[in-house]
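Here's the letter readout for the chains.
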Amino acid sequence: MSTTNEKTNEFLPGILPPRGTGRTLSSRRTVALRTGLVVLATVFASTFLWKVPYGIGPYHTLQEVNADICPQVSELIPKSNGALWKTLGDTYETDAFKMRAVDWLAGAVRIPTESYDQMGPVGTDPRWEKFGAFHDYLLKAFPLVHASLEVTKVNTYGLIYVWKGTSSSLKPLLLAAHQDVVPVEETTIDQWQYPPFSGHFDGERIWGRGSQDDKSGLIGIMSAMENMLENKFQPIRTVVLASGFDEETSGLHGAQMLAPVLLEMFGENGYAMLVDEGSGYGEQFGRVIATPGISEKGYLDVMINVASPGGHSSLPPHHTSIGILADMLVNIERNPFEVHLERGSPTYKIAQCLVHTPDLPASLRRDIIRAEHNELALRRAEQELLKNPMFKNLVGTTQAIDLIHGGVKVNALPEQAWAVVNHRISTQSSVTATKGRDTELLISLASQFNLSYTAFGARITDADAPAFGTLTLSEAYTHGLEPAPVSPTGHDAVPYQLLSGTIRAAYNSHRGLSDDDSLIISPGIMSGNTDTRYYWKLTEHIFRYGHTDGASGGSIISGVHTINEAIKISNFVEMIQFFTTLILNVDESELP
């Protein structure tokens, strides 16, 4: 998950449980609000849990709830490929295969493929060279994948694997996962239960950086492919795997370079669907909910720069540039963006899926059901849902003052002071609207402090008027990113329905559950960004979903982007089963 645009996902549907927290609702009648954070956002993707106030209403079955609200599909078990699916499923449950899976993932973790901010181009910065060793490992670990699939390398370390199907008329399935991991802080190494690049297996978990994010995804896909090839599977529909190598630093050298090659291979909207890393599943209001991300929030870093005359600090003005900047930052934090739940938005769909959970308070259930056609019910539901700060952050545009700098010497007046405000832009807003709001918010202070004001290249005040100093707003580091297009999820959205049925099939088969006891599928949203930001032209049907178990870590935090990252081997094997089921289901589907 990206550190620059870190991914958080969701625990309210669409917000994932913190990977590995293992927190569940103990009964249908509990007191207090329980909130669990994910590392992230990133991520995907962060999560939180709500406990339910004592004295909730009666359980509502799916039949009692309006069938049009968050409709569910049955598990989707491969038919023409059913025998192979059962054979592989039985294999995956054996101890021998579990140890093979341990070896695959642990070996990948042992190669430290860290990516850093502001790395130089490939070929000039030696820190990229470790990816060559990682490629050597993949070649050794998955010989059939490399012998049977066409492999294209882009910018040296970007990987595209093409598993050619027998029908060239069918659009390919595109899978994505990244090779790189976030760096390990040297000062934290002694806090790891096992060394961060040891790939240690303690009999239950594989430990190390990347064991969750995102080598489990990449190795999970390749493990599924290797096993299918061992069983002589030949796809009808082409399968493509794209793997960048700097997702954690915004994908400038990896996915950004892969995108035009993928576009040239199969054309605009030339892929049937795309599944990249993202959220998983976890318990909400007494029911397990899986939350494939159907969109991502936008991104904008705004630099606020105040310049004023310098001089000796013994002869100060009423306000220095640092003091003026401080006033502006306080004003920003006093004025957060307005947040409203809008019908049809991804977060509205998230809320709708809660009606299928048994422990949702009865009054909130009624309001969510009525909200589609009743404004007062929508606002009541909004008021209640936005009490959860994690959900509120998913719904609206956020602001976080993350960087600040000013002054060079204690006895010199600072001639310049600046700060950077990070925005994650609501799916219902835009980069332009966010810039406009920031610009408007500081006009009165620019006048108060007699500053000449320029915002994003436009003069806001008269440039010729006398001024004490200047105020400049600009995009910091990179251009803003619009919110991602929202993938269709309706009754006729076959890719989403197929993915939903696949999730249920993988979840059920791993646990021996009937479909009646299965999990709920809810649209999710990423508060940060994945490599899919570069793939919007490839397909309308983009999903961020990794089939990770939000409770797989027991009482131990999963460690994504921090110390003690780990994954249960049972969850990793289930991920392999998920990718196997997805490939088989898409292969025999009616997708174009």
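Notes on the structure follow.

The rules behind the values
Residues numbered from 1 in each chain as written. Predicted model: local features only at pLDDT ≥ 70, side-chain atom pairs only at ≥ 80, totals over all residues. Heavy atoms only, no water. Helix = DSSP H or I, 4+ residues; strand = E, 2+ residues; numbered from the N terminus. Buried < 20%, exposed > 50% of the residue type's maximum accessible area, 1.4 Å probe, protein only. Areas by Shrake-Rupley, 256 points an atom, 1.4 Å probe, with all protein chains shown as cover. Pairing = 2+ DSSP bridges. Axes fitted to C-alpha atoms, helices over the stretch in contact; angles between N-to-C directions. Parallel < 35°, antiparallel > 145°, perpendicular 65-115°, else oblique. Left-handed = near helix turned anticlockwise from the far one by under 90°. Contact = heavy atoms within 4.5 Å. Nonpolar A, V, L, I, M, F, W, Y, C, P; charged D, E, K, R; others polar. Arc of directions from axis to C-beta. Polar contact = N/O pair within 3.5 Å; in protein donor to acceptor, adjacent residues only side chain to side chain. Disulfide = S-S within 2.5 Å. Salt bridge = Lys/Arg side-chain N within 4 Å of Asp/Glu carboxyl O. 1 Å grid on protein atoms, 1.4 Å probe; cavity = no way out; pocket = protein on both sides within 12 Å on 5 of 7 lines; lining within 4 Å. Points joined across faces, edges and corners; volume = space filled by probe spheres on them. Phe/Tyr/Trp six-rings, centres within 6.5 Å; stacked < 30°, edge-to-face > 60°.

1. Examining the overall build of the protein chain
Looking only at helices and strands, one finds 15 helices and 18 strands in the protein chain. Burial statistics for the protein chain: of 592 residues in total, 58% are counted as buried. Summed over all atoms, the accessible surface of the protein chain reaches about 23,300 Å², with 53% contributed by carbon and sulfur.

2. Observations regarding the sheet that holds strand E10 (residues 398–406)
The strand order across the open sheet formed by 6 strands is E10-E11-E9-E14-E12-E13, and the pairing between neighbours is mixed. In the strand order of this sheet, the two ends are held by E10 and strand E13 (458–459), each with one partner.

3. Focus: the packing of helix H5 (residues 215–230) against helix H15 (residues 569–587)
Running from amino to carboxyl end, H5 crosses H15 at an angle of 60°, the nearest separation of the two axes being 8 Å. Viewed along their axes, H5 and H15 adopt a mutual orientation that is oblique. Here the hand of the crossing between H5 and H15 comes out right-handed. Residues Ser-216, Gly-217, Ile-219, Gly-220, Ile-221, Ser-223, Ala-224, Met-225 and Met-228 of H5 lie in contact with H15, whose contacting residues are Phe-572, Met-575, Ile-576, Phe-579, Thr-580, Ile-583 and Leu-584. When grouped by side-chain class, the residues that make up the contact of H5 with H15 number 11 nonpolar, 5 polar and no charged.

4. Concerning the pairing of strand E2 (residues 158–163)
With 6 of 6 residues buried, E2 lies mostly within the body of the structure. Burial of the side chains of E2 extends over both faces: Gly-158, Ile-160 and Val-162 are buried on one face and Leu-159, Tyr-161 and Trp-163 on the other. Between the end of strand E1 (residues 150–154) and the start of E2, which pair antiparallel, lie 3 residues, with Asn-155 showing a positive phi angle near 50°. Note: E2 against strand E5 (residues 239–243), 5 bridges, orientation antiparallel. By the bridge assignment, Trp-163 is partnered in E5 with Val-239.

5. A look at helix H10 (residues 375–385)
If you check which residues of H10 are buried, you get Ala-377, Leu-378, Ala-381, Glu-382 and Leu-385. Looking straight down H10, one finds its buried side chains confined to an arc of 135°; they lie on one side. Relative to its buried face, H10 has exposed residues pointing more than 90 degrees away, namely Leu-376 and Gln-383. Considering only its buried residues, H10 is in contact with helix H8 (346–353), helix H9 (362–370) and helix H11 (389–395). Put simply, Asn-374 is the residue that caps the front of H10, since its side-chain oxygen is 3.0 Å from the backbone nitrogen of Leu-376.

6. Topic: the state of the cysteines
Under the definition given, this model contains 1 disulfide. The residue that forms a disulfide with Cys-70 is Cys-353, at a sulfur-sulfur distance of 1.9 Å. Of note, the bridge from Cys-70 to Cys-353 carries an S-S torsion of about 90° and is right-handed in sense. Of this pair, Cys-70 sits in the segment before helix H1 (82–92) while Cys-353 sits in helix H8, and the two are 283 residues apart along the sequence. Residue class for Cys-70 comes out buried when judged on its relative accessible area of 8%.

7. Looking at the packing of H9 against H10
Across the interface, H9 lies against H10 with an axial gap of 8 Å and an inter-helix angle of 130°. Taken together, the axes of H9 and H10 lie oblique to each other. Both H9 and H10 take part in a crossing whose hand is left-handed. Touching Leu-364, Asp-367, Ile-368 and Arg-370 of H9 are Ala-377, Arg-380, Ala-381, Glu-384 and Leu-385, all from H10. For the contact of H9 with H10, the class distribution of residues is 5 nonpolar, no polar and 4 charged.

8. Re the pattern of salt bridges
Taken as a whole and judged by the stated rule, the model has 17 salt bridges. Lys-86 is paired through a salt bridge with Asp-90; the nearest N and O atoms lie 3.0 Å apart. Placement of the pair is Lys-86 and Asp-90 together in helix H1, with a separation of 4 residues, close to one helical turn. You can call Lys-86 exposed: its relative accessible area is 52%. Here Asp-90 falls in the partly exposed class, since its relative accessible area comes to 46%.

9. Notes on the environment of Ile-69
Mapping Ile-69 onto the fold places it in the segment before H1. As a C-alpha pair, Ile-69 and Gln-352 span 283 residues in sequence and 6.1 Å in three-dimensional space. Residue contacts for Ile-69: discarding those within four places in its chain leaves Gln-352, Val-355, His-356 and Ile-369.

10. Re empty space enclosed by the protein
By volume, the largest cavity amounts to about 90 Å³. Secondary-structure elements contributing two or more residues to the lining of the largest cavity are H5, strand E6 (273–284), strand E17 (542–549) and H15. The element that contributes the greatest number of residues to the lining of the largest cavity is E6, accounting for 4 residues.

11. Topic: the pairing of strand E9 (residues 298–307)
Judged by how many residues are buried, E9 sits mostly within the fold: 10 of 10 residues are covered. In terms of strand pairing, E9 meets strand E14 (residues 469–475) through 6 bridges, oriented antiparallel. Within the sheet, the bridge partner assigned to Met-303 lies in E14 and is Ser-474.

12. Some details on the packing of aromatic side chains
One pass over the structure, following the stated rule, counts 15 aromatic pairs. Each ring, one from Phe-97 and one from Trp-104, has its centre 6.2 Å from the other, and the planes form 75°; the classification is edge-to-face. The residues Phe-97 and Trp-104 share a single accessibility class, namely buried. Between the aromatic rings of Phe-131 and Tyr-157, the centroid separation amounts to 6.1 Å while the plane-to-plane angle is 40°, which identifies the pairing as tilted. One end of the pair, Phe-131, is in helix H3 (residues 130–141); the other, Tyr-157, is in the loop between E1 and E2, with 26 residues separating them in the sequence. Just as Phe-131 is buried, Tyr-157 falls in that class too. Joined through ring pairs, the aromatic side chains of Tyr-92, Phe-97, Trp-104 and Phe-142 make up one cluster.

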